[in-house]
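# Structural features, examined
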Amino acid sequence: MTHEIGFRSLLFATLVFAVFLVFLGEFVVGQSSTYVRPPLAPAKSDAVEKHLQERKSLTASTDPDQMHISLAGPGQMKVTWVTSSAVPATVQYGTTSGHYTNVASGVTKQYCFVLYESDLIHDVILGPLNPSTTYFYKCGGFGAEFNFTTPPPSGPNVPIKFAVVGDLGQTDWTATTLEHLAGYDYDVLLFPGDLSYADTWQPLWDSFGQMMSPYANYRPWMVTEGNHEIEDIPLVVESFLSYNTRWEMPYNESGSTSNLYYSFEVAGVHILMLGSYADFDTNSAQFKWLQADLKKVDRTKTPWLIAILHAPWYNSNSAHQGEGDAMMAAMESTLYAAKVDIMFAGHVHAYERAERAYLKKPDPCGILYITIGDGGNREGLAGTWLGPQPVWSVFRESSFGHGELEIVNATHAYWSWNRNQDDIPVMADDVWITSLSAAQSGCTSKSTTGAIQSQNVDDSNWEL
C-alpha cells in the first residue's frame, strides 16, 4: 500500500510539473535579440546630391535613367524609365542580346509639384512573354542594353523566391542592404512602402530612382505605399501624386480603381498589396475590392496567399503603436476567413516575427505576421521594445536588414531574415512555414471567401 501511494504521489508530481512546463511555454515563447549593431558611419548629408550629379554627368539626355521593371499581368512586364529629352515611348526586346524581334509602345507622363517639373516618365508594357526566360531590351532607341528574367510559370507546386524589404530611403545603410539583396537570386521583390523619403522634396525621387535602378532594372519590384509617399499639400498638390506617377502598379489588371491597393499572381502565389493610407473601412472601395478579389482566389492553383501593407497590425515596438489597429479592426477577420498565410508590414524601423495569430492571440489558423521596416532609412532604427514580450511575438530585433522567402512547393516555404551587418548579410531568424491551404495545417475547413466582415479591437485585447 505504501509503495502504491508513493507511486501515485510521484505520478501526480510529474503531471503537475508537465502542466507547469506547458503553462510556462505559453508565456515564455518569444526572443528579444540582444544583438547590438556596430555603429556605421552615418550617411553624408551631400551623398544624394553627389550621386545625382555624377549620374547626370554620365548620362545623355536621351539615355534611360531611373529604370525599374514591374509585373503587369500574366506574361507581361512593365518597363519604366526617365529621360530629360523627348524620346519615343518604345522598348525593343528579344531573347538574344543585340537582336530585338519585338517592339512595344507605351505612354509618356510628366507631373508638376509646386515649382518642380519632373522629367519625362515612360511606361511600356512588354508581352506576351515566356516564363523563366531572359529578355534583352533597349529603351526609346537610346542608351545601353539591359536584361531581365521573367518569373517561373503558373502552377501550385512551382518554386519561386521573393526578396522582402521596407522603408529603404537612400542612405549608406540603404546601399549596404541593396548590395546584400543583390546577392540573393530572387525572382520578385516585395516592398511594403516608404520608398524615397522625399517628403515633398522632389529631387529625392530622382536620386532614389537612380539609386534603385541597378537593382530594379533587371528584377521586378512590386510596391505599395507608405506614409512617406502621401506628400499632400492641401489645395495645391493631391496626395500620392509623385508615387502614383512614378510607380504605377498593375491595379487595373486586378479590378482595383486605385494604385494604392491591388493584387497579382505569380507561380503558385496570390499577393494582396493593401493600402494603409487609402480608406479601408467596411464601406470603402478598398474593402469591397478586397472581398471581390478574395472570391477570385483558387487555392488549388495559388495555394499561397500573402498580404503586404505598410502599418503593422501586430507590433510590440514602442514606435507607431496602434497605428494599424483601425485597419486591423476592419479587415483582419476577412483575411483570417480567407486563410491568408503571411502578412508583411513596414513602418516600424525594426524586425519582428509573430506566431500565427488572430484577435491579438496565438491561433494556429491565423496569419503569420512579419514587420520588416528596416531597409536603411534616414530616421534610424526603432530600438525600444515593450515588455513583457507578447505571447504572439517570436523574435524581434532593432537592426537593418532584408528578408528572403522561398516558396518550395504548394505546402511549404522557408523564410529567413538577414541582418545588415555592414560587409555581409547575417541570417538571424528563420522558420519553415506550412500553408494554411495544406491539409496538414488542419485549417482547410475554414471559409475561403472572407465572409466575416469586421471586428472590434481595442488595447484590452492585447495578451501579454
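My aim in this report is to walk through the structure given alongside it, one point at a time. All of these numbers come straight from a predicted model, not from anything done at the bench. (Residues numbered from 1 in each chain as written. Predicted model: local features only at pLDDT ≥ 70, side-chain atom pairs only at ≥ 80, totals over all residues. Heavy atoms only, no water.)

### What to know about the overall build of the protein
Rules: Per the convention used, a helix needs a DSSP run of H or I reaching at least four residues, while a strand needs a run of E reaching at least two, with both numbered from the N terminus. Partly exposed describes any residue whose relative accessible area lies between the buried limit of under 20% and the exposed limit of over 50%, with all areas from a 1.4 Å probe on protein chains only and scaled to the type maximum. Only heavy atoms matter for contacts: two residues are in contact if any of them lie within 4.5 Å across the pair. Surface accessibility follows the Shrake-Rupley procedure with a 1.4 Å probe radius. Residue values consider only the protein chains on display as shielding.
For the protein, the count of helices and strands is seven helices and 25 strands. Taken over 464 residues, the protein has a buried fraction of 55%. Excluding contacts between residues fewer than 6 apart, the proportion of contacts in the protein whose partners are at least 24 apart in sequence is 70%. Carbon and sulfur atoms form 56% of the exposed surface of the protein, whose accessible area is close to 19,200 Å².

### Quick notes on the pairing of strand β23 (residues 401-407)
Put simply, the rule reads: A pair of strands is considered paired only if DSSP assigns at least 2 bridges between the two.
The buried fraction of β23 amounts to six of the seven residues, a majority that puts the element mostly inside the structure. As paired elements, strand β12 (residues 160-164) and β23 share five bridges and run antiparallel to each other. Of the residues in β23, the one forming a bridge with Ala 163 is Glu 404. Bridging between β23 and strand β24 (residues 412-421) involves seven bridges; their strand directions are antiparallel. What sits directly across from His 402, in β24, is Asn 418. Between β23 and the antiparallel strand that follows it, β24, lie four residues.

### Some words on the sheet that holds strand β11 (residues 146-149)
To keep things clear, this is the line we draw: Angular values range over 0 to 180 degrees, each being the angle between N-to-C directions of two axes fitted as lines to C-alpha atoms, with helices fitted over their stretch in contact.
Strand order in the open sheet formed by four strands is β5-β4-β10-β11, with antiparallel pairing between adjacent strands. Taken across any chain shown, the strands that pair with only one partner, and hence form the sheet edges, are β5 (102-105) and β11. Pairwise comparison of adjacent strand axes, ignoring direction, gives a mean angle of 30 degrees for this sheet. Judged from the four bridges that link them, strand β4 (residues 90-94) and β5 form a sheet pairing that is antiparallel. In the sheet register, Thr 90 faces β5, and the bridge partner there is Ser 105.

### Considering the sheet that holds strand β14 (residues 221-223)
Taken in spatial order, the six strands make up an open sheet running β14-β13-β12-β23-β24-β25, and their pairing is mixed. Single-partner strands in this sheet number two, and they are β14 and β25 (424-434). Across the sheet, the mean angle from the axis of one strand to that of its neighbour is 20 degrees, orientation sign disregarded. Judged from the three bridges that link them, strand β13 (residues 188-191) and β14 form a sheet pairing that is parallel. Across the sheet, residue Leu 189 finds its bridge partner in β14, namely Trp 221. Helix α3 (residues 172-182) rests against β12, β13, β14, β23, β24 and β25 of the sheet, and its axis sits at about 140 degrees to β24.

### Let's talk about a nonpolar patch on the surface
Definition in use: Patch building starts from residues that exceed 30% relative accessible area and form no salt bridge, then joins like charges within 9 Å and nonpolar side chains (Val, Leu, Ile, Met, Phe, Trp, Tyr) within 5 Å. Between Lys or Arg on one side and Asp or Glu on the other, a salt bridge is scored when a side-chain nitrogen of the former is within 4 Å of a carboxyl oxygen of the latter.
Together, Val 114, Leu 115, Leu 235 and Val 236 give the surface a local cluster of nonpolar side chains, amounting to about 550 Å² of exposed area. For Leu 235, the location among the structural elements is in the loop between β14 and α5 (241-246).

### Notes on the packing of helix α6 (residues 285-296) against helix α7 (residues 325-337)
In plain terms, the rule: Should an angle lie under 35 degrees it is considered roughly parallel, over 145 roughly antiparallel, and from 65 to 115 roughly perpendicular; all remaining angles are considered oblique. When residue character is reported, Ala, Val, Leu, Ile, Met, Phe, Trp, Tyr, Cys and Pro are called nonpolar, Asp, Glu, Lys and Arg charged, and the others, Gly included, polar.
The contact between α6 and α7 brings their axes to 11 Å, and the two run at 10 degrees. On the basis of their axis angle, the class for α6 and α7 is roughly parallel. In this structure, α6 contributes Gln 286, Phe 287, Leu 290 and Leu 294 to the contact, and α7 contributes Met 327, Ala 330, Met 331, Thr 334 and Leu 335. Looking at the contact of α6 with α7, its residues break down into seven nonpolar, two polar and no charged.

### Side note on the packing of α3 against helix α4 (residues 203-216)
Packing of α3 against α4 leaves a shortest axis separation of 10 Å and a crossing angle of 10 degrees. As summarised for this structure, α3 and α4 are arranged roughly parallel, according to the angle between their axes. Between α3 and α4, the contacting residues are Thr 174, Ala 175, Leu 178, Glu 179 and Ala 182 on the first element and Met 211, Met 212 and Tyr 215 on the second.

### Quick notes on α7
Since the α-helix packs 3.6 residues into each turn, any two residues three or four apart lie on the same face. The condition that has to hold: Helices are assigned an expected span. That span is 1.5 Å times one less than the residue count. Bend is the name given here to the angle between axes fitted to two runs of seven residues, the run ending at a residue and the run starting at it.
Counted at 1.5 Å a residue, the expected span for α7 with its 13 residues is 18 Å, and the 18 Å between its end C-alpha atoms agrees. Within α7, the axis deviates most sharply at Met 331, by approximately 50 degrees. Taken across its 13 residues, α7 has twelve buried, putting it largely inside the fold. Among the residues of α7, those classed as buried are Asp 325, Met 327, Met 328, Ala 329, Ala 330, Met 331, Glu 332, Ser 333, Thr 334, Leu 335, Tyr 336 and Ala 337. Next to the buried residues of α7 lie β16 (269-273), α6, β18 (342-345), β19 (351-358) and β21 (367-372).

### Some details on the state of the cysteines
For clarity, the cut-off: Disulfides are defined in this document as cysteine sulfur pairs within 2.5 Å.
Counting across every chain of the model gives one disulfide. The disulfide partner of Cys 365 is Cys 443, and the gap between their sulfur atoms is 2.0 Å. Because the sign of the S-S torsion sets the handedness, a value of about -85 degrees for the bond joining Cys 365 and Cys 443 places this disulfide among the left-handed ones. Note that Cys 365 is positioned in the loop between β20 (361-362) and β21 and Cys 443 in the segment after β25, a separation of 78 residues in sequence.

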